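Reading the structure
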Amino acid sequence: MTTLLYLSICAAGITFVAASAARAVRYARSPLHLRWELYPVPHEEPQRVAHGGSYFEGSEWWTAPRHFNLAGELRVMIPEMLFLEALRKSNRALWYRSFPFHFGLYLLAGSAGLLLLAAFAVVLGGGLPGGPFGSVLRWLAATTGIVGLVLSFCGACALLQRRLSEPSLRSYTTVGDIFNLAFFVAVLGLIGVGYAVRPDGSPGALVIATGLLSWDSTLHVPGALAAGLFAGAALTAYIPLTHMSHFVGKYFTYHAVRWDDTPLAADPRMTAKLAEYLTYRPTWSAAHIRTNESGTWADVVSSNPGEAHR
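To start, this report covers the structure provided alongside it. (Residues numbered from 1 in each chain as written. Predicted model: local features only at pLDDT ≥ 70, side-chain atom pairs only at ≥ 80, totals over all residues. Heavy atoms only, no water.)

**Some points on the overall build of the chain**
Here is the rule: Numbering goes from the N terminus for both helices and strands, where a helix is a DSSP run of H or I of at least four residues and a strand is a run of E of at least two. Computation of the radius of gyration draws on C-alpha atoms alone. For the globule rule, the value is 2.2 Å times the number of residues to the power 0.38.
Counting its regular elements, the chain contains twelve helices and zero strands. When the helices and strands of the chain are listed from N to C terminus, the series reads α-α-α-α-α-α-α-α-α-α-α-α. Radius of gyration (C-alpha) of the chain: 26 Å, far over the 19 Å computed for a compact globule of 310 residues. Along the first, second and third principal axes, the C-alpha atoms of the chain reach 85 × 45 × 35 Å.

This is the structure in structure tokens:
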């Protein structure tokens, strides 16, 4: 069973990385999005961000050099990624549920990384380094794992309760939404119970991680904990195959839609794409979009729809 557990964990990790990368490539190859034209954009110069302006305010802005303000962008990105700042400001009731769920998952991911680091030290060095470094590493891995498990479990329960009880959510709550949250609750609960009730002397998280790296098939993982780890592997592989992979799309939402203010003349790739789009033929029309069978989008955007009524 231990070998099967190792295979499941490895397969889940490979599936997670491959499916996330495939989704990112698909988003990157999608057609250009319409520009939002909402300001300020955080990577603008600070004095313009302060009053909500942009480089378009300058005369002959297309000839002026642009300055990318990385510090300004990081000041917005980091709180948004770690603390869901936009949700906190716009929907505080949902944030109370969503933040512990997501932050708990971050802690669990960090704990897994620390465990792998410690396991590498054990496998390559014959043991966890002694002294303050080894103690701090062990303490951090255990603390982030426990706190992350509790936070994400409580957050998942709270989000599931809201989905099931909030009348305003019923019209756009699908069976898949309920299943996904219930899956998280079941897996996190199973791992927590399995770890808490494991017999004295049975392997802990670091021993299991070390056994995985050294492929120690003689290691005996208690049944309840093994069941939780199997379920956790299945959940890890499942996430990027569903809309729960919005962590991939969020990057493109900000950098390819909300904050993409690159001028057309400075981007040959964008110029080529838009030139291609202008050769497409629209299949619909409206009061503001006058089309005919032979017209292209270049004809549409270069004509005045109001002239047809004169």
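What follows picks up the thread again.
**Details of empty space enclosed by the protein**
The line we're drawing: Two kinds of site are reported from a 1 Å grid over the protein atoms alone, namely cavities, where a 1.4 Å probe fits but cannot get out, and pockets, open sets with protein on both sides within 12 Å along at least five of seven lines, and residues are called lining when an atom falls within 4 Å of a point. Grid points are joined across faces, edges and corners, and a volume is the space filled by probe spheres set on the points. As a working rule, the residues Ala, Val, Leu, Ile, Met, Phe, Trp, Tyr, Cys and Pro are called nonpolar, Asp, Glu, Lys and Arg charged, and the rest polar, with Gly in that last group.
Under the defined criterion, the tally for this structure stands at one cavity of 30 Å³ or more. By volume, the largest cavity is sized at about 40 Å³. Taken together, Arg-35, Trp-36, Glu-37, Leu-38, Tyr-39, Val-41, Val-257, Arg-258, Asp-260 and Asp-261 form the lining of the largest cavity. Here the residues of the lining of the largest cavity are counted per class, giving five nonpolar, no polar and five charged.

**Focus on the nonpolar core**
The tendency in soluble globular proteins is for nonpolar side chains to be buried side by side. The line we're drawing: Nonpolar cores are built from buried Ala, Val, Leu, Ile, Met, Phe, Trp, Tyr and Cys residues. Side-chain atoms within 4.5 Å join them into one set. The cut-offs for exposure are 20% and 50% of the maximum accessible area for each residue type, with area from a 1.4 Å probe on protein chains only; residues under the lower value are buried, those over the upper are exposed, and the others partly exposed. By definition, residues are in contact when any of their heavy atoms lie within 4.5 Å.
Among the nonpolar cores identified, the biggest contains 20 residues, and Phe-184 and Leu-235 are the most heavily contacted of them. Looking at this core, the elements with two or more residues in it are α5 (92-125), α6 (131-165), α7 (175-196) and α9 (223-238). What Leu-235 contacts, discounting residues up to four positions off in sequence, is Phe-183, Phe-184 and Val-187.

**Comments concerning the layout of surface pockets**
Space inside the second largest pocket adds up to approximately 940 Å³. Among the elements of the structure, α1 (2-28), α10 (246-258) and α11 (268-277) are those that each provide at least two residues to the lining of the second largest pocket. Among the residues forming the lining of the second largest pocket, the class breakdown is 19 nonpolar, six polar and five charged.

**Description of the packing of α5 against helix α8 (residues 205-214)**
How we decide: For helices, the fitted axis covers only the stretch in contact; all axes are lines through C-alpha atoms, and the angles between them, taken along N-to-C directions, range from 0 to 180 degrees. For classification purposes, an angle smaller than 35 degrees is called roughly parallel, one larger than 145 roughly antiparallel, one from 65 to 115 roughly perpendicular, and anything else oblique. For a crossing to be left-handed, the near helix must be turned anticlockwise from the far one by less than a right angle; the clockwise case is right-handed.
Closest axis-to-axis distance for the α5/α8 pair is 8 Å, and the angle between their directions is 60 degrees. For the element pair α5 / α8, the angle class is oblique. By crossing handedness, the relation of α5 to α8 is classed as right-handed. For the pair α5 and α8, the contacting residues are Leu-115, Leu-116, Ala-118, Ala-119, Phe-120, Val-122 and Val-123 in the first and Ala-205, Leu-206, Ala-209, Thr-210, Leu-213 and Ser-214 in the second. Tallied by class, the residues present in the contact of α5 with α8 amount to eleven nonpolar, two polar and no charged.

**Points about α1**
Stated formally: Multiply 1.5 Å by the residue count of a helix minus one, and that product is the helix's expected span.
The first and last C-alpha atoms of α1 sit 39 Å apart over 27 residues, in line with the 39 Å expected at 1.5 Å per residue. Turning to α1, the residues buried within the fold contact α8, α9 and α10.

**Details of the packing of aromatic side chains**
Quick reminder of the rule: Ring pairs are drawn from Phe, Tyr and Trp, using the six-membered ring of Trp, whenever the two centres fall within 6.5 Å, and their geometry is named by plane angle: stacked under 30 degrees, edge-to-face over 60, tilted for the rest.
Scanning the entire structure with this criterion turns up 20 aromatic pairs. Relative to Phe-183, the ring of Phe-179 has its centre 5.6 Å away and its plane inclined at 40 degrees; by these criteria the two rings are tilted. You can see Phe-179 and its partner Phe-183 sitting in helix α7, four residues apart, about one turn around the helix. Site record: aromatic cluster; members linked through ring pairs are Phe-83, Trp-95, Tyr-96, Phe-99, Phe-103 and Tyr-106.

**With respect to the packing of α1 against α8**
Packed helix pairs are specified by the crossing angle of their axes together with the interaxial distance, meaning the distance between the axes. Contact geometry of α1 with α8 gives a least axis separation of 10 Å together with a crossing angle of 85 degrees. For the element pair α1 / α8, the angle class is roughly perpendicular. Two secondary-structure elements touch here, α1 through Tyr-6, Ile-9 and Cys-10 and α8 through Ile-208, Gly-211 and Leu-212. For the contact of α1 with α8, the class distribution of residues is five nonpolar, one polar and no charged.

**Examining the pattern of salt bridges**
To be explicit about the condition: Salt bridges are counted wherever a side-chain nitrogen of Lys or Arg sits within 4 Å of a carboxyl oxygen of Asp or Glu.
Summed over the entire model, instances satisfying the criterion amount to six salt bridges. For Glu-57, the salt bridge goes to Arg-48, with nearest N and O atoms at 3.8 Å.

**Examining the side chain of Asn-180**
The topology assignment puts Asn-180 in helix α7. For Asn-180, a relative accessible area of 4% gives the class buried. With sequence-adjacent residues up to four places away left out, Asn-180 is seen in contact with Tyr-238, His-243 and Met-244.

**Concerning the environment of Ile-146**
Topologically, Ile-146 is positioned in helix α6. The exposure class of Ile-146 is exposed, given its relative accessible area of 53%.

**Quick notes on unusual backbone geometry**
A cis geometry characterises the amide bond from Tyr-39 onward to Pro-40, with omega recorded as 10 degrees. Looking at where Pro-40 falls in the secondary structure, it is placed in the loop between α1 and α2 (46-50). Despite not being glycine, Leu-84 has its phi angle at roughly 50 degrees, a positive value. Relative to the helices and strands, Leu-84 is located in the loop between α3 (70-83) and α4 (85-90). By relative accessible area, Leu-84 is classed as buried at 8%.

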